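Report on the structure
Each chain, letter by letter, is given below.
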Amino acid sequence: MVAEEPVKYEYFYRCEAGTNYLRAGLWYSLFVRKQRYFSHMHRTFEEWAQALANAGHILYAQGMVPATSGNFSARVGPDCFAITVSGRHKGHLTADDIMQIDAEGRALDGKRPSAETGLHLQLYRHVPGIHVILHHHSLYATLISQMFTDRLVFADYELLKAFPGVDPQATRLEVPIFANDQDITRLAQKVEEYMNTHPPVHGYLIAGHGLYTWGDSVETALKYVEAFEFLFRCELMKRGVKSQ
Ligand SMILES: [Zn+2]
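Tracing the backbone through its elements, the reader meets L134 in strand β4 (residues 132-136). When the C-alpha atoms of L134 and A74 are compared, they prove to be 9.0 Å apart, with 60 residues separating the residues in sequence. Aside from chain neighbours lying at most four places away, what touches L134 is A55, F72, T213, A221, L222 and V225.

Let us look at the packing of helix α2 (residues 45-61) against helix α6 (residues 218-239). Where α2 meets α6, the axes come as close as 11 Å, and the angle between the chain directions of the two elements is 20°. The angle between α2 and α6 falls in the class roughly parallel. Judged by the twist between their axes, the crossing of α2 over α6 is right-handed. Each of A51, A55, I58 and L59 in α2 lies in contact with α6, whose residues at this interface are V218, L222 and V225. Classifying every residue of the contact of α2 with α6 by side-chain character gives seven nonpolar, no polar and no charged.

Time to look at the nonpolar core. By size, the foremost hydrophobic cluster in this structure holds 52 residues, and its most contacted members are L52, A74, A82, I133, L205 and A221. Examining the composition of this core, we find that eight residues originate from one element, α6, more than from any other. For L205, the contacting residues outside a window of four places in its chain are A141, S145, L152, V175, I177 and L211.

The rules we used
Residues numbered from 1 in each chain as written. Predicted model: local features only at pLDDT ≥ 70, side-chain atom pairs only at ≥ 80, totals over all residues. Helix = DSSP H or I, 4+ residues; strand = E, 2+ residues; numbered from the N terminus. Contact = placed C-beta atoms within 7 Å. Axes fitted to C-alpha atoms, helices over the stretch in contact; angles between N-to-C directions. Parallel < 35°, antiparallel > 145°, perpendicular 65-115°, else oblique. Left-handed = near helix turned anticlockwise from the far one by under 90°. Nonpolar A, V, L, I, M, F, W, Y, C, P; charged D, E, K, R; others polar. Core = buried A, V, L, I, M, F, W, Y, C linked by C-beta atoms within 7 Å. Buried ≥ 20, exposed ≤ 12 C-beta atoms within 10 Å, placed from the backbone.

This is the structure in structure tokens:
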């Protein structure tokens, strides 16, 4: 019986050590998650530029930004934003194709920003939590934006849970559709008016044009792009492209 004592203690110490490892592992995991969550808020312009270029490659590979269309941006600081230079091919983006603008849309480095810069700045002004905006011209977004006049309502899709704040019971999400307009200031004003009177919006369509969506990181915005694309496809397949 005496010989069993050390075994018992050894077992006890082993368990104790295991618990400590487990506890340390949990804290480390929380620390890493916290670092990941807040890391995007302290990125330099160069880091944002590379992250946006990478997003461009992903969206181009999926056929969402054909023929130099689409534009992307990130909030670098209170008066500094990273945004794609006008007319660049999104499948070949490098950090050099991303430029810096101030909160008024003025270039800080002599390059020419996307023609739709005003739409990005409206969103950054309206929602302080937005850090990244992605705008694409996917086939499904373009098609579905011409099938409805002013809004598209998704209901009873499990995937709606991908968007924060969507009531899991109601499972309903409204996506406004604005008429295409080359006057970006006027279009931004319409978006502003809609957002002032509607619950949190996660994206909007411009008819015959494409989708704007956004998030607190590139990863989140890409997730919304993917969720919207899936939902657009579902609605198109249910209704048929030619029906109204
Ligand atoms: Zn566009």
